[in-house]
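# What the coordinates show
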Amino acid sequence: MIRGLLFLLLALGAPALAQTDPAPVTAQPEDVPETAQGEDARQMAPVQDTAEPQAEVTPESQDGDAPLPDEPAAAPAETDTETDTGSQGEADPQPEPAPEDDPKPEADPEPTAPEQAVGGLSQNRVSITAGFDGSEIFVFGAVMREAPVPTEAGPLDVVITVEGPTLPVVVRRKERVLGIWVNTESANIDEAPSFYAVATTGPLDQILTETERLRHRIGVDKTVRTIGARAQVEDPQSFIDAVVRIRENDALYTRQDDTVDLRQDTLFSTEIVLPANLVEGDYRTRMFLVRDRQVVNVTEQVITVRKDGLERLIYTTAHERPLLYGILSLLVALFAGWAASEAFRFLRR
Amino acid sequence: MQIYLPIAEVSVNAFLLLGLGGLVGILSGMFGVGGGFLLTPLLFFIGIPPAVAVATQANQIVASSLSGVMAHFQRRTVDLKMGFVLLAGGLVGSALGVRVFTMLQKIGQVELMVSLCYVVFLGIIGGLMFIESWRAIRRSRKPGARPAPRKHHSWVHGLPFKMRFRQSQLYISAIPVLLIGAAVGVLAAIMGVGGGFIMVPAMIYILGMPTKVVIGTSLFQIIFVAGFTTLMHATSTQTVDAVLALLLLLGGVIGAQVGTRIGMRMKAEQLRILLAIMVLVVCFKLALDLVLTPNEIYSLTTGAAH
């Protein structure tokens, strides 16, 4: 997956360069050989490839965020390389940057993260059918080590998050106008997952630093954010708080400290409850290994939530063939009305 | 038994919906009202998103009104000619109303407008009807008192384009009939109601129709207005929930049959005063909600489509 993505980036980057760069004359000489040719892209690809093995060491687990080379740079390798290629694209790319890429991954002192998470789910798919009344997902995993349990480091903690699809939310606030309550101010919250659950082995604020939580978006307060609302309203925070509060009341946002069961620093498991009022989409499940308040490793799984059967049919018909849907609804109503009337007439005889 | 509603995207108890539909169906058959003015607030209350409640409601009204009107047809208490004229106005009003609804939805004032409409209209109509029917009942209790003269001539009877409505024993202008139809159409679309609770009093008091004919005729035209509203909502806002509608109308059609039979056994004044009391109770409850400080002053709307 990651490799494909990089390829794509490179492939896209190369023609873009070829188009934009000809203008600066100075850049041209180095530029043309570097980017315009497909071989070069391929030449670069191996470079990425060398970066990859580390990412691929454990992929038996799954295809999500592969374990990362070193713990401070725990930010996904993907974005790392992405920005690299990006900067390459803007600055005059010289032959050097590519080789420079080379030593970087190699320079990683540890061959792989000393501890890696391998995760699984009791089910990857949740079907919303007519009788759907919520679901419980069993999230489990193990810690893979090449070396014995590090003794000098702090205790191991596990944080598991499940995040529903993010949809923009409009939050409206009521105010009393002329004696009645009217929606007045409103704010758009751009980033608010429709569902968010955190389960941990200990108090979230204590086992992770603020920065780590912010970096990995762990915890509702770090996940529900707003980008544009600041200009619209004076106190965007109160609108964000409202989203969190309302969704917590609906059991859409949950925080369950101490609910992850960790056995012998190796096996962990927890149960995540998905309520009945779910939105369709991919629910990203991340499992973090934490030591000394830092994320050591992360692995990802996806729960797919889909309407199914009749529910699916109704939903798609309503949205894709609204007229047909409306007529069908009417016919059903008319038939029911007629049938009831006839049935009663029959009964009276 | 919980059931997941595909458009509303919430899970609710199926029997609760059947029961609600049945209750409203009874009222519908008794009074010739669609029952939407009761059901829509009740649906809000059990957590159905307002937009879905309003649109789906219209579909349910089609079913219970047809069920009711068929019972009335058997008793020849439907004025078809009057119904069609009302309908002509109603369709125009309904198309307009759906536009207004879509616009209100965008600016986030649907709930307020719906509530305000309810309070204002229910208040006025309920109040007037209550006073009138109270007087009628008192008059009828007096020994020897004759029923109030029905055919009083008002401004309505002075307008041009007169038509004869045989079933209603009326010879009046088509203009007020069209206007009433249109006004009801607009409200039907915005409030998710058939408009019966406005239509019925208007026909009795403005047009001067006999109460027995009013109910059947009102139901007759509501079928079309509500049907049209359903189609408009299905195509423009996509908020008609088929599963919700089905559950409501299953209860509704049965209730309507029962209600029609109860209604036949009651006196016109009694029917009117009961309807008036019901309308006033709903009105009072909604007014209270507008004025009292809500528990949660924030509300969420997800996605751009809603």
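Residues numbered from 1 in each chain as written. Chains lettered and ligands numbered in written order. Predicted model: local features only at pLDDT ≥ 70, side-chain atom pairs only at ≥ 80, totals over all residues.

## Concerning the overall build of chain B
Secondary structure summary: chain B contains 10 helices and 5 strands in total. Across the 306 residues of chain B, 57% fall into the buried class. In chain B, 81% of the contacts between residues at least 6 apart in sequence involve partners at least 24 apart. (Helix = DSSP H or I, 4+ residues; strand = E, 2+ residues; numbered from the N terminus. Buried ≥ 20, exposed ≤ 12 C-beta atoms within 10 Å, placed from the backbone. Contact = placed C-beta atoms within 7 Å.)

## Focus on the overall build of chain A
For chain A, the helix and strand inventory stands at 13 helices and 12 strands. Every one of the 349 residues in chain A was classed for burial, and the buried ones make up 36%. For chain A, contacts bridging at least 24 residues in sequence account for 73% of all contacts bridging at least 6.

## Considering the sheet that holds strand β3 (residues 135-145) of chain A
All names here are of chain A. Spatially, β1-β3-β10-β9 is the arrangement adopted by the 4 strands of the open sheet, whose pairing is antiparallel. One side of each edge strand has no neighbouring strand; the edge strands of this open sheet are β1 (115-121) and β9 (261-263). The mean inter-strand angle of the sheet, taken between neighbouring strand axes irrespective of direction, is 20°. Note: β9 against strand β10 (residues 267-274), 3 bridges, orientation antiparallel. Residue pairing for β10: Leu-262 is matched across the bridge by Phe-268. (Pairing = 2+ DSSP bridges. Axes fitted to C-alpha atoms, helices over the stretch in contact; angles between N-to-C directions.)

## Considerations on helix α5 (residues 110-141) of chain B
Residues and elements named next belong to chain B. Taking 1.5 Å as the rise per residue, α5 with 32 residues should run 46 Å; its terminal C-alpha atoms sit 45 Å apart, in good agreement. Turning to α5, its buried residues are Val-110, Glu-111, Val-114, Ser-115, Tyr-118, Val-119, Phe-121, Leu-122, Ile-125, Gly-126, Met-129 and Ser-133. Looking at the buried positions of α5, the neighbouring elements they touch are α2 (36-45), α3 (50-74), α4 (80-107), α6 (174-191), α7 (196-207) and α10 (268-291). (Expected span 1.5 Å × (residues − 1).)

## Quick look at the sheet that holds strand β12 (residues 294-307) of chain A
Residues and elements named next belong to chain A. Taken in spatial order, the 6 strands line up as β2-β12-β11-β4-β7-β8 in an open sheet, and their pairing is mixed. Looking at which strands have only one partner, the edges of the open sheet turn out to be β2 (125-128) and β8 (253-256). Ignoring which end each strand starts from, the neighbouring axes of this sheet average 15° apart. Of the strand pairs in this sheet, strand β7 (residues 196-200) and β8 are connected by 4 bridges, and their pairing is parallel. Counted as the bridge partner of Ala-199 is Gln-256 from β8.

## Description of α2 of chain B
Residue and element names in this part refer to chain B. Of the positions making up α2, those classed as buried are Gly-36, Phe-37, Leu-38, Leu-39, Thr-40 and Leu-43. Where α2 is buried, its residues contact α1 (14-31), α3, α5, α6, α7 and α10. Just downstream of α2 lies Gly-47, where phi reads positive at about 100°.

## A few points about the interface of chain A and chain B
With 47 residues of chain A at the contact, the number on the chain B side is 48 residues. Counting only elements with at least two residues in the side of chain A that touches chain B, the list comes to β5 (169-177), β6 (180-189), α11 (236-249), α12 (309-320) and α13 (322-348) of chain A.

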